[in-house]
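Summary of the model geometry
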Amino acid sequence: MDPMLAAVLVALLIVAGLCLAILLRQAQPMAVPPGLDLALGSLTAQAQALEARAASLDRAILGQLEALRREAEQGRARLDERQDQLRATMADNLDRLRTENAEKLEQMRATVDEKLQGTLEKRLGESFALVSDRLEQVHKGLGEMQTLATGVGDLKRVLSNVKSRGSWGEVQLGALLEDMLTPEQYATNVRIVPGAGEVVEFAIRLPGRNGDDPVFLPIDAKFPHEDYDRLLAAQETGIADAVEKAGLALERAVRLQAKTIGEKYIHPPHSTDFAILYLPTEGLFAEVIRRPGLAQDLQSRHRIMVQGPTTLGALLTSLQMGFRTLAIEKRSSEVWKVLGAAKAEFEKYGQVWEKLGKQLDTARRTVDEAGKRTRAVTRKLREVEVLEASEPVALGLIDEMIDEDEPTDPA
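All figures in this text were calculated on a predicted structure; none of them were measured in a lab. (Residues numbered from 1 in each chain as written. Predicted model: local features only at pLDDT ≥ 70, side-chain atom pairs only at ≥ 80, totals over all residues. Heavy atoms only, no water.)

There is a patch of like positive charges on the surface, built from K372, R375, R379, K380 and R382. Checked against the element boundaries, K372 lands in helix α8 (residues 309-380). (Patch = residues over 30% accessible without salt bridge, like charges linked within 9 Å, V, L, I, M, F, W, Y side chains within 5 Å. Areas by Shrake-Rupley, 256 points an atom, 1.4 Å probe, with all protein chains shown as cover. Salt bridge = Lys/Arg side-chain N within 4 Å of Asp/Glu carboxyl O. Lys, Arg positive; Asp, Glu negative; His and termini not counted. Charge placed at Lys NZ, Arg CZ, Asp CG, Glu CD. Helix = DSSP H or I, 4+ residues; strand = E, 2+ residues; numbered from the N terminus.)

Moving on, we get to a nonpolar patch on the surface. Side chains of L62, L65 and L68 sit close together on the surface and give an oily, nonpolar patch of about 310 Å² of accessible area. Inspection of the secondary structure assignment puts L62 in helix α2 (residues 34-160). Assessed through its relative accessible area of 56%, L62 is described here as exposed. (Buried < 20%, exposed > 50% of the residue type's maximum accessible area, 1.4 Å probe, protein only.)

An α-helical turn contains 3.6 residues, so any two residues separated by three or four positions project in the same direction. Under the 1.5 Å per step criterion, the end-to-end length of helix α4 (residues 225-237) is 19 Å for 13 residues, consistent within 8% with the ideal 18 Å. Within α4, the full set of buried residues consists of H225, D227, Y228, L231 and A234. Phi turns positive, to about 80°, at G238, one or two residues after α4. (Expected span 1.5 Å × (residues − 1).)

In this structure, V190, L277, L279, L284, V288, I304 and V306 are the most contacted members of the largest nonpolar core, which totals 27 residues. Residue assignment for this core shows that the elements contributing at least two residues are β1 (186-190), β2 (200-206), α4, α5 (240-265), β4 (275-278), α6 (282-290), α7 (294-302) and β5 (304-307). In terms of residue count, the dominant contributor to this core is α5 (six residues). For L279, the residues in contact, after removing those within four places along its chain, are K222, L284, F285, V288, V306, Q307, G308 and P309. Counting residues in each nonpolar core, the second largest holds 17 residues, with L173, Y186, L312 and L319 among its members. (Core = buried A, V, L, I, M, F, W, Y, C linked by side-chain atoms within 4.5 Å. Contact = heavy atoms within 4.5 Å.)

Let us now look at the sheet that holds β4. An order of β1-β2-β3-β4-β5 is seen for the five strands of this open sheet, with the pairing classed as mixed. With partners counted over all chains shown, the strands left at the sheet margins are β1 and β5, one partner each. When strand polarity is set aside, the average angle formed by the axes of neighbouring strands in this sheet is 30°. Here β1 pairs with β2 via four bridges, running antiparallel. By the bridge assignment, Y186 is partnered in β2 with I204. (Pairing = 2+ DSSP bridges. Axes fitted to C-alpha atoms, helices over the stretch in contact; angles between N-to-C directions.)

With that out of the way, let us pick up the packing of α5 against α7. Interhelical geometry of α5 versus α7 gives an angle of 25° and a closest axis separation of 10 Å. By the angle between their axes, α5 is roughly parallel relative to α7. Pair α5 / α7 crosses with right-handed handedness. Every residue of α7 that contacts α5 at E251, V254, R255, A258, K259 and G262 is listed here: L294, D297, L298, R301 and H302. Partitioning the contact of α5 with α7 into residue classes produces four nonpolar, two polar and five charged. (Parallel < 35°, antiparallel > 145°, perpendicular 65-115°, else oblique. Left-handed = near helix turned anticlockwise from the far one by under 90°. Nonpolar A, V, L, I, M, F, W, Y, C, P; charged D, E, K, R; others polar.)

All of the buried residues along α7 are L294, A295, D297, L298 and H302. The buried residues of α7 all sit within an arc of 160° when viewed along its axis, so they share a single face. Summarising the geometry of α7, the exposed residues directed more than 90 degrees from the buried face are Q296 and S300. Against α5, α6 and β5 lie the buried residues of α7. (Arc of directions from axis to C-beta.)

This next bit is on the packing of α4 against α6. At their nearest, the axes of α4 and α6 sit 11 Å apart, and the two run at 75° to each other. Classified by the angle their axes make, α4 and α6 are roughly perpendicular. In this structure, α4 contributes Y228, L231 and Q235 to the contact, and α6 contributes G283, L284, E287 and R290. Residue composition of the contact of α4 with α6, by class: three nonpolar, two polar and two charged.

Detail in the predicted coordinates should be disregarded across regions flagged by low pLDDT. Across the protein chain, the average pLDDT comes to 76, with 73% of residues at or above 70. For residues 161-166, every residue scores under 50 in pLDDT, and the model assigns this stretch eight contacts once sequence neighbours within four places are set aside. When the criterion is pLDDT under 50, residues 387-411 qualifies, and its contacts beyond four places in sequence or with other chains add up to six contacts. (pLDDT = per-residue confidence, 0-100.)

In this fold, D227 is placed in helix α4. A polar contact is formed between the side chain of D227 and the side chain of R230, at a distance of 2.4 Å. Beyond its immediate sequence surroundings of up to four residues, D227 is in contact with A249, L250 and A253. (Polar contact = N/O pair within 3.5 Å; in protein donor to acceptor, adjacent residues only side chain to side chain.)

Within strand β3 (residues 215-221), seven of the seven residues are buried, which leaves the element mostly enclosed by the surrounding structure. Looking at chain direction, β2 and β3 are connected through five bridges and run antiparallel. Directly across from F202, in β3, lies its bridge partner I219. Relative to β4, β3 is paired through three bridges, and the arrangement is parallel. Bridge pairing in β4 places D220 opposite L277.

Here E251 is to be found in helix α5. With sequence-adjacent residues up to four places away left out, E251 is seen in contact with R291 and L294.

Residue P269 follows P268 across a cis peptide bond; omega there is 0°. The backbone phi angle of N189 is positive, close to 50°, even though this residue is not glycine. Phi angles above zero are rare outside glycine, and R303 is one such case at about 55°. In this structure, R303 sits in the loop between α7 and β5.

Here it is as structure tokens:
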């Protein structure tokens, strides 16, 4: 049995005996049975024995508790010592780990610094090279911009002069005609009416009715620059009255130019019954076409067709297709003539082949006749002995026969 449990039981028995004795003393005197004293004595003896047992158990328990206390103190001392050792070991390990981490971090920092330095120098070099190239390009662009500004100034001075402005439009028109047509299909500085003083800068040659004298399609370039600039300035301001006024001024200038062209250059049958007014910019052409009824009025009243760079190119393309169609028709008649001559020559060639066939038939009959004579002479000479090679005899008869049998020249 566990000593602690036994001590508890003994203590409980002692307490129970004491309680019983106290109860018996406090109770009223009564007759005690004869065997009760003996029982009480026995219980008292047992209680004393239990007391002694409990005292010995207490002493044993106290001894064991003292031993346990001493063992606990020794374990606590050993635990404290072990904790001190562990604390010292952990401190050493932490110091060593801290030192190693510091060394590794220093190595990493040095490596990263080296990498960053190399990368930074490389990137900075590339960036400086790129910036230098861009600055050089910007410098070149500035030079080109200065040149362009000079050219724009020259162009502005050119466009500010009416004569120079007209020359610029004519140069553009000449370049367009040169690109779209052949030199035989258009002419420059054309005098429409022979002996007249009016000369148009460009005219397209169209085939006449008799096929000899061409009919000219006059084309004149006009550029009312001031009126168009005033219209653009008015449109930027947004003032409706100013826009309408500038538009009417541009319309009057275009009508005046169309009337001049119609009076100077439209002279049928030397020219077509209409002429072309060429506007050298798409914006100006669009503005003229946008004016209500202006283009139709110019066509009906002055017989003038207004054209811009794009529309004139399309018109020239259609004229080029017409020229090609006419060329094909002319060449078709020439081809028929060549075919007729080839047919006549082929008939003569057939006659020559027929004559050659007859001559070949005559030669073939002559050869057949000679073969027959050869076979006849061979039959007659079968029994004749052959002469030795040293005794040749002239056979004039045979030679004469061979001469007679030779075919005559077929020619």
